[in-house]
Amino acid sequence: MTIGERTQLKINTDRLMHSIDELGAIGAYHDAEANVMGVHRLALSPEDAEGRRLVKRWFENAGLTVSVDAIGNIYANRTGLDSKLAPVMSGSHIDSVPTGGRFDGALGVLGALEVVRTLNDLDITTRRPITIAAFTDEEGCRFGTDMLGSAVATGRIALDDAYGLTDADGKTVKQELEAIGFLGAEPVGKRTPHAFVECHVEQGPALIHEGIDIGVVTGVQGISWHKLIITGTSAHAGATPMGFRKDAGLAAARINCRLHEMCTGSKYGSEMRATMGVIHPEPCMINVIPGRITATVDLRNPDDNAMHNAEQDLDDYLQHITKELGVQIESRQTARTPAIIFDESVQIAIETAAKTHELSHRRILAGAGHDAQEWSAVCKTAMIFVPGLNDGISHNPRELSTPRQCADGINTLLSVITRLADEGE
Ligand code: HGY
Ligand code: MN
Ligand code: MN
């Protein structure tokens, strides 16, 4: 079969969607507000462990050699005709945010598995080996920093630093990896794929609104996460005159307003995005002025200079608020990744594949962080985006891509992987 014929191959859409639904049932919950089933499968939780065991079984059933590394990343290897050549790697994550959907991450892992299942069906062996991967804790919700497994595997975060990260209950990453049986023996940092390709839902409205089938992802914007501990004085809401207060709640509100001001106008570019996703008051009572607030800041910007200036603005404002309101603010950076540009040749391979499948496509910058951004440090990398219904919403149980949208993405992935896996040195 010529490479041209291989790149026209089609996956088994029903099998892909069945796998997505079966994995999506692990950690499923009924979201009353949206009246849909969401997914709650936090990293290293019992639900994550059950999902890991399921995909590991599927990998083994597909004839792949499975290994787990010291940060819990699961790798599944398919031999190639020339096993001396570095593999083409494809994958993503199966952990979710607490109010997630069935597609974020899972599409990339199960889509790569569907590529292998299709090649098995057709008894096709590629020149290079193919490795599927499910990476640990991409979301960062539980232990505070995102893309953790990929960042350790590619050297941005040291393994011992990752092991020491703790969740809200003080449990460490290492303890939880051991508890779920995924503290692997394979050393980290030993894998240098020939190329890495990840298929993922766009998680935004662009492709669906423009009627585009495939996003050819050009890169990922910079990410800067901070955890704020704001300390004032809790006191009586009625008896304490306004001038006598050290109101941590007011401080958090003023900071949140400042974040939104930073995103209006062009001071930090037109793409600056800022979110205070966690705002947790103590003692959290109607008649007590909050004496302490735990809050988070999530900054995103495609321009590293603008991001640096925005971070400086935030620092300056925190100083200002401590003086004006008489509170103390501890600010700790918990994640920081620069803007990433993906490999041009892999983007062209994705465009060629989309054309082969007669799919409309356009280049697009990723708004969210992804495992692929970490792997771009060690090999040529790019991503394939698929659109989603409901304005492409994600990190929300209404996340939904149709079988056709998923199949378009994974047929494109199949073509790209077979093309890359036939490349020589
Ligand atoms: O935060 C992110 O962008 C990713 O979903 N972890
Ligand atoms: Mn994701
Ligand atoms: Mn996500």
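Predicted model only: the values in this text are computed from it and were never measured.

Student: Help me out: how do you make sense of the site of ligand 1 in this one?
Tutor: Every residue close to ligand 1 is listed here: Glu138, Glu139, Asp146, Trp225, Arg300, Ala368, Gly369 and His395. For ligand 1, an oxygen atom lies 3.1 Å from a polar atom in the side chain of Glu139. Between ligand 1 and Asp146 there is a distance of 3.4 Å, counted from an oxygen atom to a side-chain nitrogen or oxygen. Contact with the protein chains covers 95% of the free accessible surface of ligand 1, which is 210 Å². For the shell around ligand 1, the class distribution of residues is 2 nonpolar, 2 polar and 4 charged.

Student: Sorry if this is basic, but what is going on with the coordination of the manganese ion (ligand 2) here?
Tutor: Each protein donor to the manganese ion (ligand 2) is listed here as His93 (NE2), Asp104 (OD) and His200 (NE2); together their distances run 2.1 to 2.3 Å. Ordering the donors of the manganese ion (ligand 2) by residue number gives the pattern H-x10-D-x95-H. The class of His93 is buried, set by a relative accessible area of 0%. By relative accessible area, His200 is classed as buried at 1%.

Student: Is there a simple way to think about the environment of Thr136 in this case?
Tutor: Positionally, Thr136 belongs in the loop between β6 (130-135) and α5 (148-153). Judged by relative accessible area, Thr136 falls into the buried class, the value being 1%. Along the chain, Thr136 and Ala43 lie 93 residues apart, while their C-alpha atoms are 7.0 Å from each other. The contacts of Thr136, once residues within four sequence positions are left out, are Leu44, Arg52, Ile71, Gly72, Asn73, Leu148 and Gly149. Looking at Thr136, its side chain comes within polar contact range of the side chain of Arg52, at 2.7 Å.

Student: Explanation requested: the coordination of the manganese ion (ligand 3) in the structure shown.
Tutor: Geometrically, a metal with four donors at the corners of a regular tetrahedron has ideal angles of 109.5 degrees, and one with six donors at the corners of a regular octahedron has ideal angles of 90 or 180 degrees. Coordination of the manganese ion (ligand 3) by the protein comes from Asp104 (OD), Glu139 (OE), Glu139 (OE) and His395 (NE2), over a distance range of 2.1 to 2.6 Å. Spacing between the donor residues of the manganese ion (ligand 3) along the chain follows D-x34-E-x255-H. The distance between the manganese ion (ligand 3) and the manganese ion (ligand 2) is 3.5 Å, with Asp104 acting as a donor to both metals. In this pair, Asp104 is assigned in the loop between β5 (88-93) and α4 (106-121) and Glu139 in the loop between β6 and α5, connecting sequence segments 35 residues apart. Glu139 matches Asp104 in its accessibility class, with the two residues each being buried.

Student: Just checking my understanding: could you explain helix α11 (residues 344-356) for this structure?
Tutor: Each α-helix turn comprises 3.6 residues. Residues three or four places apart therefore point the same way. The terminal C-alpha atoms of α11, which comprises 13 residues, lie 18 Å apart, in line with the 18 Å expected from a rise of 1.5 Å per residue. Buried residues along α11 sit against β7 (195-201), β8 (214-220), β15 (361-366), β16 (380-386) and α14 (403-420).

Student: Got a minute to help me understand the pairing of β5 in this structure?
Tutor: Along β5, 6 of the 6 residues are buried, which leaves the element largely enclosed by surrounding structure. Where burial is concerned, the two faces of β5 agree: the one with Val88, Ser90 and Ser92 and the one with Met89, Gly91 and His93 are both buried. Relative to β6, β5 is paired through 6 bridges, and the arrangement is parallel. Following the sheet pairing, Ser90 is matched in β6 by Ile132. Viewed along the sheet, the connection from β5 through α4 into β6 turns out right-handed. Across 3 bridges, β5 lies against β7 in parallel orientation. Note that in β7 the partner of Ser90 across the bridge is Val197.

Student: Can you help me understand the domain arrangement of the protein chain in this one?
Tutor: In many analyses, interface size is given as the accessible surface area lost on bringing the parts together. Domain boundaries in the protein chain define domain 1 (3-221 + 339-421) and domain 2 (222-337). Computed from C-alpha atoms alone, the centre-to-centre distance between domain 1 and domain 2 is 33 Å. Each partner contributes to the interface: domain 1 provides 16 residues, whereas domain 2 provides 13 residues. On the domain 1 side of the contact with domain 2, Asp146, Gln221 and Ala339 bury the most area, a combined 55% of that side's loss. Across the domain 1-domain 2 interface, the total number found is 0 salt bridges. Our count for the domain 1 to domain 2 interface comes out at 3 residue pairs in polar contact (both at pLDDT 80 or more). Taken together, the residues of the side of domain 1 that touches domain 2 sort by class into 5 nonpolar, 7 polar and 4 charged.

Student: Looking at this structure, I do not really get empty space enclosed by the protein. What am I missing?
Tutor: In this approach a probe as big as a water molecule rolls over the atoms, and the regions it shows empty are the leftover space. Per the stated rule, a full pass over the model turns up 3 cavities of 30 Å³ or more. The computed volume of the largest cavity comes to approximately 40 Å³. If you trace the largest cavity, you find it lined by Asp48, Arg52, Ile94, Asp95, Ala134, Phe135, Thr136 and Asp137. Put simply, the parts of the chain that give the lining of the largest cavity at least two residues each are α3 (46-61) and β6. Of the residues assigned to the lining of the largest cavity, the class counts are 3 nonpolar, 1 polar and 4 charged.

Rules used throughout
Residues numbered from 1 in each chain as written. Chains lettered and ligands numbered in written order. Predicted model: local features only at pLDDT ≥ 70, side-chain atom pairs only at ≥ 80, totals over all residues. Heavy atoms only, no water. Near = heavy atom within 4 Å. Polar contact = N/O pair within 3.5 Å; in protein donor to acceptor, adjacent residues only side chain to side chain. Areas by Shrake-Rupley, 256 points an atom, 1.4 Å probe, with all protein chains shown as cover. Nonpolar A, V, L, I, M, F, W, Y, C, P; charged D, E, K, R; others polar. Donors = N, O, S within 2.8 Å, 3.2 Å for Na, K, Ca; no water. Buried < 20%, exposed > 50% of the residue type's maximum accessible area, 1.4 Å probe, protein only. Helix = DSSP H or I, 4+ residues; strand = E, 2+ residues; numbered from the N terminus. Contact = heavy atoms within 4.5 Å. Expected span 1.5 Å × (residues − 1). Pairing = 2+ DSSP bridges. Right-handed = clockwise from strand over helix to strand, strands pointing away. Domains from an automatic or database assignment. Buried area = accessible area lost by both parts, 1.4 Å probe. Salt bridge = Lys/Arg side-chain N within 4 Å of Asp/Glu carboxyl O. 1 Å grid on protein atoms, 1.4 Å probe; cavity = no way out; pocket = protein on both sides within 12 Å on 5 of 7 lines; lining within 4 Å. Points joined across faces, edges and corners; volume = space filled by probe spheres on them.

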